[in-house]
Amino acid sequence: MKIETIATAPIEGQMPGTSGLRKKTRVFMEPHYLENFIQATFDAIGGGAGKTFVVGGDGRYFNKAAIQTILKMAAGNGASQVIVGQDGILSTPAASHLIRLNKTDGGFILSASHNPGGIDEDFGVKFNAENGGPAPEGLTAKMFDATKTIEQFKTVDAADVDLSTVGNVQIGDMHVRVVDPVESYQALMEALFDFDAIRGLFAGGFTMRFDAMHAVTGPYATAILEGALGAPAGTVVNGVPLEDFGKGHPDPNPIWAKPLMDLMMSDAAPDMGAASDGDGDRNMIVGRGAYVTPSDSLAVLAANAHLAPAYRDGLAGIARSMPTSAASDRVAAKLGIGCYETPTGWKFFGNLLDAGKVTICGEESAGTGSDHVREKDGLWAVLLWLNILAVRKQSVSDIVQEHWQTFGRDYYSRYDYEAVATDQANQLMSELRARLDGLAGQAFGDVTVATADEFSYLDPVDGSISKNQGVRIAFAGGGRAVFRLSGTGTQGATLRLYLEQYSGVDGALDLDTQAALADVRGAAQEICNMAALIGRTEPDVIT
Ligand code: G16
């Protein structure tokens, strides 16, 4: 088969963000936009010759077409084998697992995660390295550099590959292995958790609703929860992946998973509610009448992980992203294990996991995972919760309450200000940075600043430094505000304000979250001069 070398020219703005390159779908569909980024990735990893890759995505609009382009480009770049999910479907954690299981040289994951899908919505491409994890910053910098000098890309003139049937096909010399997207992921989950105990839980009448949000987790959740674990049919709702996610916003949080939240707060609530996002790496956990914040969920999972077979011998350590609450730090301290604070972005956990320094990681943005793959994993978090519930035989709410009684409660909320004009958002951040040195000791309302700095991360494994990772202001009395600009948005800037207030072990555990955070919120908004600089203090989304 003839390899074609197509002339191209750099396209501006192809810098990967927090999690790969995310843009409007129509931008990705522009001539050579996808091709340039894929070729730049091959160039950044030293070419594709003789290499093996995994390719799959969350099924959103343009997924199938992009996969055909990538397959032909992989063949053009001399790859020897590509493993693809049937119909182009692979959840992000399942793709990470396949990369590791098959010892491939990496993989392309097509998703804009929790962002809506469709021709007028969002699309994304992420390259994961051979450890199964998102390309680290050193590699994404090389990829971006390559996009700035690209002159040609390689492909082959071939017919589209039939991805609807599991089996082997060829593109020229390259093998394409079309695999069941669920099978090996399910086997991994069976190896980690006590499926017999969870089966017993469901057999005893435990009820659950899992909202797959019309996204990629549907087939996984249906096979595992309703198939292997015997949950009644109908436990999984919105379980068929749709190209536009049913016009929804596949982000598992109380705002976007509102129907599930409404059910869980009603008299008809099942014992547990859970949801996952577009590409299956995020999760939401809700008990009857009790929403569990992602930061609390991480802490509870870490404190109870030893109840599941895979973690019976304990954890090596816990890592959390900087804006995530300190709840898991308290667990690490009690367990006497390592505790790491990383910048936002799952890619920063990779080195810690590879070096065996941590077993469990988590983020406030609804991501939790462990060393079983190198991505956060929505269904894994749900299964670990189920395993814990099956062993402890208590409700979600009782487990969380007991946790707070032991460790104290970290009241937590994130405010998102979306589509802020980029120059206004940048001005807010730069004026805030300029104020940091003089803030300690100053009072704002009833709270006084204890420390103020901009987070910079020194990776303890490879010594790399990541600067400008968010501004953090700690207040006397256990409050904290963090400010940063999102790296996953596709329109203007999204300003994130993360608010936290620790109760202390003897403090009130049942306050309304927003009331508990009122002082910190007021101080944070005043310190960054929010009303004047972006013209509002009311966020678009509160989670
Ligand atoms: C990605 C990253 C996460 C990050 C989240 C939000 O998640 O993998 O590490 O916490 O984005 O990032 P930001 O605050 O920069 O928008 P996902 O699920 O979108 O891939």
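Before reading on, note that the structure itself is shown above.
Since the structure is predicted, the reported quantities are computational estimates derived from the model, not experimental observations.

Cut-offs applied
- Residues numbered from 1 in each chain as written.
- Predicted model: local features only at pLDDT ≥ 70, side-chain atom pairs only at ≥ 80, totals over all residues.
- Heavy atoms only, no water.
- Axes fitted to C-alpha atoms, helices over the stretch in contact; angles between N-to-C directions.
- Helix = DSSP H or I, 4+ residues; strand = E, 2+ residues; numbered from the N terminus.
- Parallel < 35°, antiparallel > 145°, perpendicular 65-115°, else oblique.
- Left-handed = near helix turned anticlockwise from the far one by under 90°.
- Contact = heavy atoms within 4.5 Å.
- Nonpolar A, V, L, I, M, F, W, Y, C, P; charged D, E, K, R; others polar.
- Pairing = 2+ DSSP bridges.
- Buried < 20%, exposed > 50% of the residue type's maximum accessible area, 1.4 Å probe, protein only.

Colleague: Can you break down the packing of helix H6 (residues 183-192) against helix H8 (residues 217-228) residue by residue, with the values?
Modeller: When two helices pack together, their arrangement is given by the angle between the helix axes and the distance between those axes. Running from N to C, H6 and H8 point in directions that differ by 50°, and their axes come no closer than 10 Å. Classed by the angle they form, the pair H6 and H8 counts as oblique. Along this stretch, H6 crosses H8, giving a crossing that reads as right-handed. On H8, the residues touching Tyr185, Gln186, Met189 and Glu190 of H6 are Tyr220, Ala223, Ile224 and Ala228. Looking at the contact of H6 with H8 residue by residue, the class counts come to 6 nonpolar, 1 polar and 1 charged.

Colleague: Describe the sheet that holds strand S14 (residues 290-292), listing the residues and the values that go with them.
Modeller: Spatially, S11-S10-S12-S13-S14 is the arrangement adopted by the 5 strands of the open sheet, whose pairing is mixed. Because the sheet does not close on itself, it has two edges, and the strands there are strand S11 (236-237) and S14. Where strand S12 (residues 272-276) meets strand S13 (residues 283-287), 5 bridges bridge the pair, whose relative direction is antiparallel. When the sheet's bridge partners are listed, Ser276 is paired in S13 with Asn283.

Colleague: Can you explain the pairing of strand S25 (residues 479-485)? Please cite residues and give values.
Modeller: For S25, a buried count of 6 out of 7 residues is recorded, marking the element as mostly surrounded by other parts of the structure. Taken together, the 5 bridges between strand S24 (residues 471-475) and S25 define a ladder with antiparallel strand orientation. Bridge pairing in S25 links Arg472 to Val482. Remark: 3 residues form the turn of the hairpin made by S24 and S25, two consecutive strands paired antiparallel; Gly477 in that turn has positive phi of roughly 95°. Two elements, S25 and strand S26 (residues 493-502), share 7 bridges in a ladder whose sense is antiparallel. Counted as the bridge partner of Arg480 is Glu500 from S26.

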